[in-house]
Amino acid sequence: SLPPALHAPALRMIHACGMSDLADDIAGDPRIADAVRAAIAAGAPVLCDCEMVAAGIARRHLSGNDVVVTLNDPAVPALAQRLATTRSAAAVELWRDRLAGAVVVIGNAPTALFHLLDLIAAGGPGPAAIVATPVGFVGAAESKARLAAEAPVPWLTVRGRRGGSAIASAALNAMAMPA
């Protein structure tokens, strides 16, 4: 039921988690693979919500792109307190100067995805593509539903509570490979 352009990332996502029924929940814009490849070829950074996502990205498919995780930046705890939000959401705020044209990969934190969508909706810079598979019982399904409803750029997700870092990085790896 998926568009052909999403078959390769879907296969990698299923392989990463071992759940063949995941295909029923994968949704996205068929333009995402082309958007990811173009951004990578242009040298755009890959912005990740956590170290696990970054660790899963196969650098051999990148063109020397920076893979950026700001979650452990020393400024994040104070920024989270000032913004009255989570560290994951505050870490997204630190992407602002690198977000335009970037590839965003969120595999853990629903609050990171919510903050990213808020930032873009408020007129912030737009990335080239968003891969978002945050996992869990609190906010995961809702953040991904909002992505599907409001994404201003090509996107890929897993509907519902399932997701995770391995699924997110596997999807990126599939799309970063030369066509």
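## As for the overall build of the protein chain
In step 1: Along the backbone of the protein chain there are 8 helices and 6 strands.
In step 2: On C-alpha atoms alone, the protein chain measures out to a radius of gyration of 15 Å, which is about the 16 Å that the 2.2 N^0.38 rule sets for 179 residues.
In step 3: Dimensions of the protein chain along its principal axes, counting C-alpha atoms only, are 45 × 35 × 30 Å.
In step 4: Buried positions account for 51% of the 179 residues belonging to the protein chain.

## A closer look at the pairing of strand 6 (residues 155-158)
In step 1: Alternating residues of strand 6 divide into W155 and T157 and L156 and V158, and every residue in both groups is buried.
In step 2: Where strand 1 (residues 26-28) meets strand 6, 3 bridges bridge the pair, whose relative direction is antiparallel. Bridging from a neighbouring strand, G28 pairs with L156 of strand 6.
In step 3: By the bridge criterion, 3 bridges tie strand 5 (residues 129-132) to strand 6 in an arrangement that is parallel. Each residue of the ladder has a partner; that of V131, found in strand 6, is L156.
In step 4: Read from strand 5 through helix 7 (residues 140-150) to strand 6, the crossover connection turns out right-handed.

## Looking at the environment of R37
In step 1: Inspection of the secondary structure puts R37 in helix 2 (residues 32-41).
In step 2: When the C-alpha positions of R37 and I106 are compared, they lie 18 Å apart, and in sequence the two are 69 residues distant.

## Some details on helix 2
In step 1: Restricting attention to buried positions, one finds in helix 2 the residues I32, A33, A35, V36, A39 and I40. Down the axis of helix 2, the buried side of the element spans an arc of 165°, and every buried residue falls inside it. Facing away from the buried surface of helix 2 by more than 90 degrees, the exposed residues are D34 and A41.

## A word on the sheet that holds strand 4 (residues 103-106)
In step 1: Strand order in the open sheet made by the 6 strands is 1-6-5-4-2-3, with mixed pairing throughout. Two strands close off the open sheet at either side, each with one partner strand: strand 1 and strand 3 (67-69). The sheet shows a mean angle of 15° between the axes of neighbouring strands, taken without regard to direction.
In step 2: Summarising the sheet, strand 2 (residues 46-48) and strand 4 pair through 3 bridges and their orientation is parallel. What sits directly across from V46, in strand 4, is V103.
In step 3: In the packing of helix 1 (residues 7-17) onto the sheet, contacts are made with strand 1 and strand 6, and the angle to strand 6 comes to roughly 35°.
In step 4: Along the sheet face, helix 2 touches strand 4, strand 5 and strand 6 and points at about 115° away from the line of strand 5.

## Brief notes about the packing of helix 1 against helix 8 (residues 165-176)
In step 1: Axis separation between helix 1 and helix 8 bottoms out at 8 Å; the angle between their running directions is 145°. Between helix 1 and helix 8 lies a crossing whose hand is right-handed. Contacts between helix 1 and helix 8 pair A8, P9, R12, M13, A16 and C17 from the former with A166, I167, A170, A171, N173, A174 and M175 from the latter.
In step 2: When its residues are assigned to classes, the contact of helix 1 with helix 8 shows 11 nonpolar, 1 polar and 1 charged.

## Notes on the pattern of salt bridges
In step 1: Scanning the model with the defined rule gives 8 salt bridges in all.
In step 2: In this structure, R162 engages D25 in a salt bridge whose closest nitrogen and oxygen atoms are separated by 2.8 Å. Linking R162 in the loop between strand 6 and helix 8 with D25 in the loop between helix 1 and strand 1, this pair joins segments that are 137 residues apart in sequence.
In step 3: Its relative accessible area of 23% is what places R162 among the partly exposed residues.
In step 4: We note a salt bridge from E150 to R146, for which the minimum N-O separation is 2.9 Å. Of this pair, E150 and R146 are both found in helix 7, 4 residues apart, which corresponds to roughly one turn of the helix.
In step 5: Its relative accessible area of 18% is what places R146 among the buried residues.

Conventions and cut-offs
Residues numbered from 1 in each chain as written. Predicted model: local features only at pLDDT ≥ 70, side-chain atom pairs only at ≥ 80, totals over all residues. Heavy atoms only, no water. Helix = DSSP H or I, 4+ residues; strand = E, 2+ residues; numbered from the N terminus. Rg over C-alpha atoms; globule rule 2.2 N^0.38 Å. Buried < 20%, exposed > 50% of the residue type's maximum accessible area, 1.4 Å probe, protein only. Pairing = 2+ DSSP bridges. Right-handed = clockwise from strand over helix to strand, strands pointing away. Arc of directions from axis to C-beta. Axes fitted to C-alpha atoms, helices over the stretch in contact; angles between N-to-C directions. Contact = heavy atoms within 4.5 Å. Left-handed = near helix turned anticlockwise from the far one by under 90°. Nonpolar A, V, L, I, M, F, W, Y, C, P; charged D, E, K, R; others polar. Salt bridge = Lys/Arg side-chain N within 4 Å of Asp/Glu carboxyl O.

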